[in-house]
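The primary structure of each chain is shown beneath.
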Amino acid sequence: GIRMRTSPLGVFAAWTASELHAYLAYFARTQGLGRAITEALFHLPAPINRDRRPDIAFVSYERWAKNRPMPQTDNAWDVVPNLATEVVSPTDKADEIEQKIAEYFRAGVELVWIVYPLQSKIHVYHAPTEISVFTRADVLDGGSVVPGFRLALAELFTEAVDASTAATGSGTV
């Protein structure tokens with residue numbers, strides 16, 4: 001019941017979120033699966049009864065029909081996303097991330113991606129204690145939540161590699 005201002009994403013985390021959203025949104029749209037959205041406020045129903053703003057979310061057409069109009073005046077979308085994604089910035093606290101994961105699953109989110117841009121990793125939660133870790137050598141898969149979605153993480157994390165070689169001054173010319 002207390003309003004708190006959250007820290008905005010760091011620029012690198014925001015860039016990573018933007019890139020991941022672009023891949024997910026394009027796939028969802030072209031495959032007719034649903035909507036991918038960034039920074040939208042969702043009202044999570046009981047037992048949570050609170051609002052959360054994942055960095056990226058996917059809502060299937062099964063949860064919100066394609067022909068159903070989007071809310072135009074509400075500040076929170078009254079639907080539980082199928083997928084919630086948090087992109088971790090240096091100011092994020094581990095216990096707050098864990099709390100979000102638990103809340104998402106209690107509300108009915110089916111899949112949670114926690115993206116660590118600086119480490120070029122994604123933790124995929126199929127349940128609060130069922131976690132897979134993907135690195136830039138892996139392919140992220142949407143599973144049954146976003147069927148057919150596959151993204152080689154080397155494509156998503158190219159900037160992380162470039163940034164690290166630029167910072168160290170190494171690399172080939």
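Quick caveat, the model's predicted, so the values are computed rather than measured.

### Quick word on the pattern of salt bridges
Taken as a whole and assessed by the stated rule, the structure comprises five salt bridges. Between Glu103 and Arg52 there is a salt bridge, and its shortest N-O distance comes to 2.7 Å. Of this pair, Glu103 sits in helix α2 (residues 94-107) while Arg52 sits in strand β3 (residues 50-52), and the two are 51 residues apart along the sequence. The class of Glu103 is buried, set by a relative accessible area of 5%. One salt bridge connects Glu110 with Arg63, and the closest N-O pair in it is separated by 3.6 Å. On the criterion of sequence distance, the pair formed by Glu110 in the loop between α2 and β6 (111-116) and Arg63 in the loop between β4 (56-60) and β5 (83-87) is long-range, its members being 47 residues apart. Looking at Glu110, the relative accessible area reads 37%, which means it is partly exposed.

### Thoughts on the sheet that holds β5
A sheet is described by the order of its strands in space; here six strands give the open sequence β1-β4-β5-β6-β7-β8, paired in mixed fashion. The open sheet terminates on both sides in strands that have one partner only, identified here as β1 (34-38) and β8 (130-135). On average, each strand axis in the sheet is tilted by 15° relative to the strand beside it, whichever way the strands run. Two elements, strand β7 (residues 121-127) and β8, share six bridges in a ladder whose sense is antiparallel. In the sheet register, His123 faces β8, and the bridge partner there is Val133. The sheet contacts of helix α1 (residues 11-31) involve β1, β4, β5 and β6, and relative to β1 the element is tilted by about 170°. Contacts from α2 reach β5, β6 and β7, with the element oriented near 160° to β6.

Cut-offs and rules
- Residues numbered from 1 in each chain as written.
- Predicted model: local features only at pLDDT ≥ 70, side-chain atom pairs only at ≥ 80, totals over all residues.
- Heavy atoms only, no water.
- Salt bridge = Lys/Arg side-chain N within 4 Å of Asp/Glu carboxyl O.
- Helix = DSSP H or I, 4+ residues; strand = E, 2+ residues; numbered from the N terminus.
- Buried < 20%, exposed > 50% of the residue type's maximum accessible area, 1.4 Å probe, protein only.
- Pairing = 2+ DSSP bridges.
- Axes fitted to C-alpha atoms, helices over the stretch in contact; angles between N-to-C directions.
- Contact = heavy atoms within 4.5 Å.

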